[in-house]
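Below, each chain spelled out in residue letters.
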Amino acid sequence: MSKTIRIGTRDSQLALWQANIVKIQLEHLGHNCVLVPVKSTGDIVLDKPLYELGVTGIFTKTLDIALLNGDIDVAVHSLKDVPTQMPEGIIQAAVLKRGNTRDMLVFNDSEEFMSQKDAIIATSSLRRRAQWLNRFPTHKIEDIRGNVNSRLEKLENSKTWNGAIFAAAGLGRLELTPENSFNLDWMIPAPGQGAVMIAALKENTEVVEACKEINDETTEICTGIERKFLRILEGGCSSPIGAIAFHRDKQNDICFKGVLLSRDGTRKIEVEKIEPLGSHHNIASFCANYILDKGGNKLVDTRDYTSRDEKIFSTKALTDEQKKLFHQGLKVNHADFVKVNINRISPIVLKQDHRNVVITSQNAVEAIINSVPAEDLKFTNIYCVGRRTKKLIEQKIGPVVHQAKNAETLANYLVDYLEGTEVSYFCSDIRLDALPTILRESNITVNEIEAYTTKYEGLEITNTIEGVMFFSPSTVDSFIKHNNSKPIAFCIGETTAKQARNHFDDVRVAKVPTVESVIELVNEVYV
């Protein structure tokens, strides 16, 4: 290739190191190259953490513009900084052989602080912050910005920070790895961490072909899986998502581990999968969907629920498919007003003989099956509320004797047909009084076993909301704690409606107890 390849790069020391490596490798193959340094917004704005800047691809945007304007021929990036959706016309032309993928802790004084209750760690990465707080929930995190050298200097000069977290690859490439540091092997890195990527215009075929000569196929496969996982979860700098894939030579397979956390680190969903090389193409989608199925969609949904003019508000997070069911043009917002934590029930309790078992929620089923194997259970008669709860019980535990549409109806059935005078009631720490009250008034002993805990996490919503969707009595209570307005209450069932009537003038009940039926109820009003 006779044309000189103009290599665009940020002008930080690390970015220039990466660009020089690309230059050296291309020149080794006989191509003429020149570096073109460019400043990015991420380098200029140093007074805010990355996740507050509100820009996707903050370190790559300026170079993208330079590419599209024809000012450079290729752009060199840290792959972890590149958005999964690249601008139209720009492609990943190559990725170099990967370096150290790990995060590294650099500490002041000693590492003894890790066993102490109080400590301060510096990082501007939401992913690192969430994982650290998940492991050390009493520690405090403070923001630190700047290039590698300035962050090391800030840590050294700090009188309060115990340590700061860096990408091990960056420290190693600049030969700045301090003695007082070590890899955080337990921390899952950012997708693409440790890899250098080259972007080019798709139409510039001559340059693209030149870049392919230095592409590392194994790194391309592994980082491709990580980035696809990230893309499906719809994450980025604003979501705590980690992913790592690597190739094992002896087994000739691909190992993957992914994680999604809440911003405060209190909730974490992990996934691992191993597939033979060649059968690895579905790893990312399988693992991402696994996390979404386990409630991951609630963790990545970080929108501001209080600043928009929606007409309808759902007190339960809705899936993309459910949102599509609303009439076109109807503005709907949503958030979980109740958070459920599944308890671990003592195996000693569960392995006892339980002649009559009452289950009124799928959450209780999850708690039971997560605590002991189903074959260890000695449940003789199972009674439940809701057809979906019944379906889950029969899939995971065993046959159901009777299913009722609500707790009160089930209680009245048990008064007439129960075998014996005692029931084991697997319930929440917050539950309605109807069932235990009716049974005890009929001299039936109710042994309550706390299977899960319910936490109110309501929000104050705007006055433009005309209708609110409720899915349990708890969501009604959570709403009332934060709001005085009285919109239309769209309820999933009669038990929820009964609670809503204590607070709302206009209460409407779905025909069947499903989210889709509540949406149908809303659509009837907003034709």
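On a predicted model such as this, the values are computed, not experimentally measured, just so you know. (Residues numbered from 1 in each chain as written. Predicted model: local features only at pLDDT ≥ 70, side-chain atom pairs only at ≥ 80, totals over all residues. Heavy atoms only, no water.)

With respect to the overall build of the protein
Right, so step 1: Within the protein one finds 18 helices and 24 strands.
Right, so step 2: Out of the 527 residues in the protein, the part that is buried amounts to 51%.
Right, so step 3: Long-range pairs, those at least 24 residues apart, make up 63% of the contacts in the protein between residues at least 6 apart in sequence.
Right, so step 4: Of note, the protein has its 63 positive side-chain charges centred 1 Å away from the centre of its 69 negative side-chain charges. (Helix = DSSP H or I, 4+ residues; strand = E, 2+ residues; numbered from the N terminus. Buried < 20%, exposed > 50% of the residue type's maximum accessible area, 1.4 Å probe, protein only. Contact = heavy atoms within 4.5 Å. Lys, Arg positive; Asp, Glu negative; His and termini not counted. Charge placed at Lys NZ, Arg CZ, Asp CG, Glu CD.)

Some points on helix 7 (residues 205-212)
Right, so step 1: Within helix 7, the full set of buried residues consists of V207, V208, A210 and C211. Down the axis of helix 7, the sector holding all buried residues measures 160°, keeping them to one side. (Arc of directions from axis to C-beta.)

What to know about the nonpolar core
Right, so step 1: In terms of nonpolar packing, the biggest core is built from 21 residues, with I359, I368, F379 and F426 touching the most fellow members.
Right, so step 2: At the level of elements, strand 17 (353-359), helix 12 (362-371), strand 18 (378-385), helix 13 (387-396) and strand 21 (445-456) are the ones that each hand at least two residues to this core.
Right, so step 3: Of all the elements, helix 12 adds the most residues to this core, at four residues.
Right, so step 4: Setting aside residues no more than four positions away along its own chain, I359 makes contact with A364, V365, I368, I382, Y383, C384, V385, T389, I393 and F426. (Core = buried A, V, L, I, M, F, W, Y, C linked by side-chain atoms within 4.5 Å.)

A look at the environment of P178
Right, so step 1: Positionally, P178 belongs in the loop between helix 6 (168-173) and strand 9 (181-183).
Right, so step 2: Residues P178 and Q403, spaced 225 residues apart in sequence, show a C-alpha to C-alpha distance of 64 Å.
Right, so step 3: Once you skip the residues sitting within four places of it in the chain, P178 turns out to touch V106, L152 and L171.

Structural notes on the pattern of salt bridges
As a working rule, side chains carrying opposite charge can pair if their charged atoms are close by.
Right, so step 1: The final tally for this structure, using the stated rule, is 29 salt bridges.
Right, so step 2: Of the charged contacts, one joins E466 and K311 as a salt bridge, the two residues approaching to 3.2 Å between their closest N and O atoms. Separated by 155 residues along the polypeptide, E466 in the loop between strand 21 and strand 22 (467-470) and K311 in the loop between helix 9 (283-300) and strand 14 (312-314) bring together distant segments of the chain.
Right, so step 3: Of the charged contacts, one joins R440 and E448 as a salt bridge, the two residues approaching to 3.3 Å between their closest N and O atoms. (Salt bridge = Lys/Arg side-chain N within 4 Å of Asp/Glu carboxyl O.)

A closer look at the packing of helix 14 (residues 407-417) against helix 15 (residues 434-441)
Right, so step 1: Running from N to C, helix 14 and helix 15 cross one another at 20°; their axes reach a closest spacing of 8 Å. Looking at the two axes, helix 14 sits roughly parallel to helix 15. In terms of crossing hand, the pair formed by helix 14 and helix 15 is right-handed. Across the interface between the two elements, A407, E408, L410, A411, N412, L414 and V415 from helix 14 touch A434, L435, I438 and L439 from helix 15.
Right, so step 2: Its residues assigned to classes, the contact of helix 14 with helix 15 comprises nine nonpolar, one polar and one charged. (Axes fitted to C-alpha atoms, helices over the stretch in contact; angles between N-to-C directions. Parallel < 35°, antiparallel > 145°, perpendicular 65-115°, else oblique. Left-handed = near helix turned anticlockwise from the far one by under 90°. Nonpolar A, V, L, I, M, F, W, Y, C, P; charged D, E, K, R; others polar.)

A closer look at the sheet that holds strand 21
Right, so step 1: Here six strands make up an open sheet; going across it, the order is 16-21-20-17-18-19 and the pairing mixed. The open sheet has two free edges, formed respectively by strand 16 (338-342) and strand 19 (402-404), since each of these has just one partner strand. Each strand axis lies, on average, 30° off the axis of its neighbour in the sheet, ignoring direction.
Right, so step 2: Where strand 17 lies against strand 18, six bridges are found, and the strand directions are parallel. Along strand 18, the bridge assignment pairs V358 with Y383.
Right, so step 3: Along the sheet face, helix 13 touches strand 17, strand 18 and strand 19 and points at about 160° away from the line of strand 18. (Pairing = 2+ DSSP bridges.)

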